[in-house]
Amino acid sequence: MKYVKSLKSFVVVVLFAVLLTSCQGQSGVSIQFGNYVASNFLMEWLVPTAHATVNQVNFCFKRLRFKADDVDSADPQTDGDNIDLEVGLLPISTSGTAITNIIVPEGVYRRVEFDLEDNCDTGYSAQIQNTSGDYETASRVTIKFSGQFTADGSSQALSLGIDEIVGQIDAFSGAGSLKDALEAASGEF
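Quantities reported herein were computed from a predicted structural model and do not represent experimental measurements.

With that settled, the discussion passes to the overall build of the chain. Helices and strands together make up the secondary structure of the chain, namely four helices and 10 strands. Tracing the chain from N to C terminus, the helices and strands come up as α-β-α-β-β-β-β-β-β-β-β-α-α-β. Buried residues in the chain amount to 36% of all 189 residues. Sequence-distant contacts, at least 24 apart, represent 76% of the contacts inside the chain between residues at least 6 apart. When the accessible surface of the chain is totalled, it reaches about 10,500 Å², and 54% of it is carbon and sulfur.

What follows is the structure in structure tokens.
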């Protein structure tokens, strides 16, 4: 009986050691969009009655990339730093939106990119609603965030500011493509 207890203790210690060494060099990162203001203050001040207000934003998340430098990403189908996501369609809330929890190698990152694709039940990669109307796109859309984030091997939270992206959504009136409007803006962290 004493031998069995010793063996169990040994197995627990070995499993714990394996888990510790397998997690070294990686950080558990909780990614979220920060809160945003649903109407454009500047437009309200300049032209009080002729501005849009963001009523709804839905993104269909497909993949994520953490970039250590400012070089544009390669083809997302073959880019080695892709993290495929199973988040799917997610409504973006004015009070902030939890997106996903992932494991990221330790390092300093200067850009985060999300690919939005039409792989959700809706068939759209992005859907928005503002006072100008309802708009959607089935095109792959890449939304980018820049700043500096250090993954240090611990559990961390990364909040992405989307004010500029929401500003583009706020101003979108159907002229041009929604894809181009979303990709013209970038967020920050």
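Attention now goes to the confidence of the model for the chain. Chain-level pLDDT for the chain is 82 on average; 74% of the residues reach the 70-or-more range. In the model, residues 1-23 has pLDDT below 50 throughout and makes zero contacts with residues more than four positions away in sequence or in other chains.

Residue placement: Gln26 occurs in strand β1 (residues 26-33). For Gln26, a relative accessible area of 34% corresponds to the partly exposed category. Residues Gln26 and Glu106 lie 80 residues apart in sequence; the distance between their C-alpha atoms is 5.0 Å. Ignoring sequence-local partners within four residues, the contact set of Gln26 consists of Ile103, Val104, Pro105, Glu106, Gly153 and Ser154.

Summed over the entire model, instances satisfying the criterion amount to one disulfide. Here Cys60 engages in a disulfide with Cys120; their sulfurs sit 1.9 Å apart. Disulfide Cys60-Cys120: torsion about the S-S bond near 95°, hence right-handed. Highlighted residues: Cys60 in strand β2 (residues 54-67) and Cys120 in the loop between β5 (107-116) and β6 (126-130), separated in sequence by 60 residues. Across this residue pair, the class does not change: Cys60 and Cys120 are buried.

One open sheet holds the three strands; their spatial order is β4-β1-β9, and the pairing between them is mixed. The sheet is open, and its two borders are formed by β4 (97-105) and β9 (156-160), each paired with just one other strand. Across the sheet, the axes of successive neighbouring strands diverge by a mean angle of 25°, strand direction being ignored. With eight bridges connecting them, β1 and β4 associate as antiparallel partners. Pairing of Phe33 across the sheet is with Thr97, part of β4.

What follows is about the environment of Ile162. Mapped onto the elements, Ile162 comes out in the loop between β9 and α3 (163-171). Overall, Ile162 belongs to the buried group, its relative accessible area being 5%. For the pair Ile162 and Phe145, spaced 17 residues apart in sequence, the C-alpha separation works out to 8.4 Å. If we skip the residues at most four places from it in the chain, Ile162 touches Phe33, Gly34, Tyr36, Ile92 and Phe145.

So, about the packing of aromatic side chains. Counted by the stated rule, this structure contains 10 aromatic pairs. Each ring, one from Phe33 and one from Phe59, has its centre 6.5 Å from the other, and the planes form 85°; the classification is edge-to-face. Taken together, the residues Phe33 in strand β1 and Phe59 in strand β2 connect sequence positions 26 residues apart. For the pair Phe66 and Phe149, a centre-to-centre distance of 6.2 Å together with 50° between the ring planes defines the contact as tilted. One end of the pair, Phe66, is in strand β2; the other, Phe149, is in strand β8 (residues 141-151), with 83 residues separating them in the sequence. The same class applies to Phe66 and to Phe149, which are both buried. Members of the aromatic cluster, connected to one another through ring pairs, are Phe33, Phe59, Phe61, Phe114 and Phe145.

Reading the values: the criteria
- Residues numbered from 1 in each chain as written.
- Predicted model: local features only at pLDDT ≥ 70, side-chain atom pairs only at ≥ 80, totals over all residues.
- Heavy atoms only, no water.
- Helix = DSSP H or I, 4+ residues; strand = E, 2+ residues; numbered from the N terminus.
- Buried < 20%, exposed > 50% of the residue type's maximum accessible area, 1.4 Å probe, protein only.
- Contact = heavy atoms within 4.5 Å.
- Areas by Shrake-Rupley, 256 points an atom, 1.4 Å probe, with all protein chains shown as cover.
- pLDDT = per-residue confidence, 0-100.
- Disulfide = S-S within 2.5 Å.
- Pairing = 2+ DSSP bridges.
- Axes fitted to C-alpha atoms, helices over the stretch in contact; angles between N-to-C directions.
- Phe/Tyr/Trp six-rings, centres within 6.5 Å; stacked < 30°, edge-to-face > 60°.

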